[in-house]
Amino acid sequence: MTPSLPAISPRRGTAKGGKAVYGVPLGILMLEARFPRIPGDMGNGTTWPFPVMYRVVRGASPEKVVLNGADGLLQDFLVAAADLVRLGAEAITTNCGFLSLFQKELAAHVGVPVATSSLMQVPWVQAMLPPGKRVGIVTVSGSTLTPRHLEAAGVPLDIPVAGTENGREFFRVLIKAEKDDMDVDLAEQDILDAGRDLVARHPEVGAIVLECTNMPPYAAALRREVGLPVYDIYSMVNYFHAGLRPRVFDAP
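These remarks concern the structure in this document. In this text the structure is predicted, and so the values were computed from the model without any measurement.

This part takes up the overall build of the chain. Across its full length, the chain carries 9 helices and 8 strands. Taking 18 Å as the expected radius of gyration for a compact globule of 252 residues, we find that the chain reaches 20 Å, a close match to that expectation. A principal-axis box enclosing the C-alpha atoms of the chain has dimensions of 65 × 45 × 35 Å. In the chain, buried positions account for 46% of the 252 residues. A separation threshold of at least 6 residues defines the contact pool for the chain, and within that pool the share at least 24 residues apart is 69%. Of the roughly 12,900 Å² of accessible surface on the chain, a fraction of 55% belongs to carbon and sulfur atoms. Computed over 24 positive and 26 negative side-chain charges, the separation of the two mean positions in the chain equals 8 Å.

Written out as structure tokens, the structure reads:
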């Protein structure tokens, strides 16, 4: 016997319009850079288990954002975020933790949920830790992660921080743009070195939040190295997206 095909339910009612793109609720504002975005990097589309929309903010180099406080770039980010919302994005995030500086302005401008920085996870992670333990941050540039960045993300100003600016590869490629290619093994060592330095100087650290959106490829290695939970932009955006598209469970 020929197996019967499942019934196809007719589509009824009126489909709601008003967008240019459908089925992609999350928009990502990207810095303009040429370094490789390997799987796990926020700018690699294969990183995400759901579709995302990207918008590159022209002229917003990692050096300008990380080393120069994103000076003069706010209007460009507001325009780019609004463009993503017009296309169909229902929420906005960014691919640099230092853009916490623009959190309030972006949220007010676009009128949809905005999560600019992985650092916004810090209060939540801190609440999960036992007494006497603290969250620590590994950032691409500890010397330029200022109290303004921390305050904008709701992070205590005395939080332990370690940066990669004295490393051999990660900072040189991502922030200084000294070359287009990257030695991934050396980059990983820079992250591990920063993590080891953080916990050596601050034994009270009980969990780590990675500021940089290019660090998720190395999170598992850091977790093995220091033996602590590690949170990053990947964990935050998955949580963020879960509220936009809650899972539909089958009826019992």
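Next up on the list: the pattern of salt bridges. Scanning the entire structure with this criterion turns up 15 salt bridges. For Arg86, the salt bridge identified is with Asp83, shortest N-O distance 3.8 Å. On the criterion of helical spacing, the pair formed by Arg86 and Asp83 is a turn pair, its members being 3 residues apart in helix H2 (residues 74–87). Looking at Arg86, the relative accessible area reads 55%, which means it is exposed. Classification of Asp83 by relative accessible area gives partly exposed; the value is 22%. Note that Asp158 and Arg134 form a salt bridge whose closest N and O atoms lie 3.1 Å from each other. Of this pair, Asp158 sits in the loop between helix H5 (147–152) and strand E6 (161–163) while Arg134 sits in strand E5 (residues 134–139), and the two are 24 residues apart along the sequence. The partly exposed category is assigned to Arg134, whose relative accessible area is 23%. Among the charged side chains, a salt-bridge network with shared partners connects Glu169, Arg172, Glu178 and Lys179.

Within the chain, Ala70 stands out as a residue other than glycine whose phi angle is a positive 55°. Note on placement: Ala70 falls in the loop between helix H1 (62–67) and H2. The residue Ala177 is not glycine, and still its phi comes out positive at about 55°. Within the secondary structure, Ala177 sits in the loop between helix H6 (170–174) and helix H7 (184–201). When its relative accessible area of 58% is taken as the criterion, Ala177 is described as exposed.

Core analysis: the largest hydrophobic core is formed by 66 residues, its most contacted members being Leu29, Val65, Phe77, Val140, Phe170 and Ile208. Beyond its immediate chain neighbours, meaning those up to four positions away, Leu29 contacts Arg55, Val57, Phe77, Ala80, Ala81, Leu84, Ile92, Thr93, Thr94, Asn95 and Leu106. Counting 14 residues, the second-largest nonpolar core is a separate cluster that includes Leu26, Trp48, Met236 and Phe240.

This part is about the pairing of E5. Counting buried residues along E5, 5 of its 6 residues qualify, which places the element largely inside the surrounding structure. Of the strand pairs in this sheet, E5 and strand E7 (residues 205–210) are connected by 5 bridges, and their pairing is parallel. In the strand pairing of E7, Val135 is matched with Ala207. Pairing between E5 and E6: 3 bridges, direction parallel. When the bridges of E6 are listed, Ile137 appears paired with Val161. Remark: the E5/H5/E6 crossover connection has right-handed handedness.

A few words now on the side chain of His149. Mapped onto the fold, His149 is located in helix H5. Look at His149 and you get buried, because its relative accessible area is 2%. There is a polar contact of 2.8 Å between the side chain of His149 and the side chain of Thr146. Discounting residues that sit within four places of it in the chain, His149 has contacts with Phe98, Ser100, Leu101 and Thr144.

Further remarks concern the packing of H7 against helix H8 (residues 219–226). Contact geometry of H7 with H8 gives a least axis separation of 10 Å together with a crossing angle of 40°. As H7 packs across H8, the resulting crossing turns out to be right-handed. Between H7 and H8, the contacting residues are Glu188, Ile191, Leu192, Gly195, Arg196 and Val199 on the first element and Ala221, Leu222, Glu225 and Val226 on the second. Its residues placed into classes, the contact of H7 with H8 shows 6 nonpolar, 1 polar and 3 charged.

Rules used throughout
Once a new chain begins, its residue numbering starts again from 1 and follows that chain's sequence as written. In view of the model being predicted, local features appear only for residues whose pLDDT reaches at least 70, and side-chain atom pairs are presented and counted only at 80 or more, with totals across whole chains, interfaces and linings using the full set of residues. Excluding hydrogens and water, the side-chain values take into account all heavy atoms of the structure. For helices the rule is a DSSP run of H or I covering at least 4 residues; for strands it is a run of E covering at least 2, with both sets numbered from the N terminus onward. Each radius of gyration is computed over the set of C-alpha atoms, and the globule rule expresses the reference value as 2.2 Å times the number of residues to the power 0.38. Exposure categories follow from relative accessible area, calculated using a 1.4 Å probe and restricted to protein chains: below 20% of the type maximum is buried, above 50% is exposed, and the middle band is partly exposed. Any two residues whose heavy atoms approach within 4.5 Å at even a single point are treated as in contact. The method behind every accessible area is Shrake-Rupley, applied with a 1.4 Å probe, and residues are considered shielded solely by the protein chains displayed. This count recognises Lys and Arg as positive and Asp and Glu as negative, with His and chain-terminal groups excluded. Charge coordinates come from a single atom per side chain, which is NZ of Lys, CZ of Arg, CG of Asp or CD of Glu. Here a salt bridge means any side-chain nitrogen of Lys or Arg lying within 4 Å of a carboxyl oxygen belonging to Asp or Glu. Here, nonpolar core refers to any group of buried Ala, Val, Leu, Ile, Met, Phe, Trp, Tyr and Cys residues whose side-chain atoms link them within 4.5 Å. A pair of strands is treated as paired once DSSP finds two or more bridges between them. Handedness of a crossover is defined as follows: orient the strands so they point away from the viewer, and if the path from the first strand over the helix to the second runs clockwise, the crossover is right-handed. Pairing of N or O atoms within 3.5 Å defines a polar contact, subject to two protein rules: one partner must be a possible hydrogen donor and the other a possible acceptor, and residues neighboring in sequence count only if both atoms are side-chain atoms. Note on method: axes are straight lines fitted to C-alpha atoms, helices fitted across the in-contact stretch only, with angles between N-to-C directions ranging 0 to 180 degrees. Crossings are classed by handedness, with left-handed meaning an anticlockwise turn of the near helix from the far one by less than a right angle and right-handed meaning a clockwise turn. In the scheme used here, Gly and all other residues not listed as nonpolar or charged are polar, with Ala, Val, Leu, Ile, Met, Phe, Trp, Tyr, Cys and Pro taken as nonpolar and Asp, Glu, Lys and Arg as charged.

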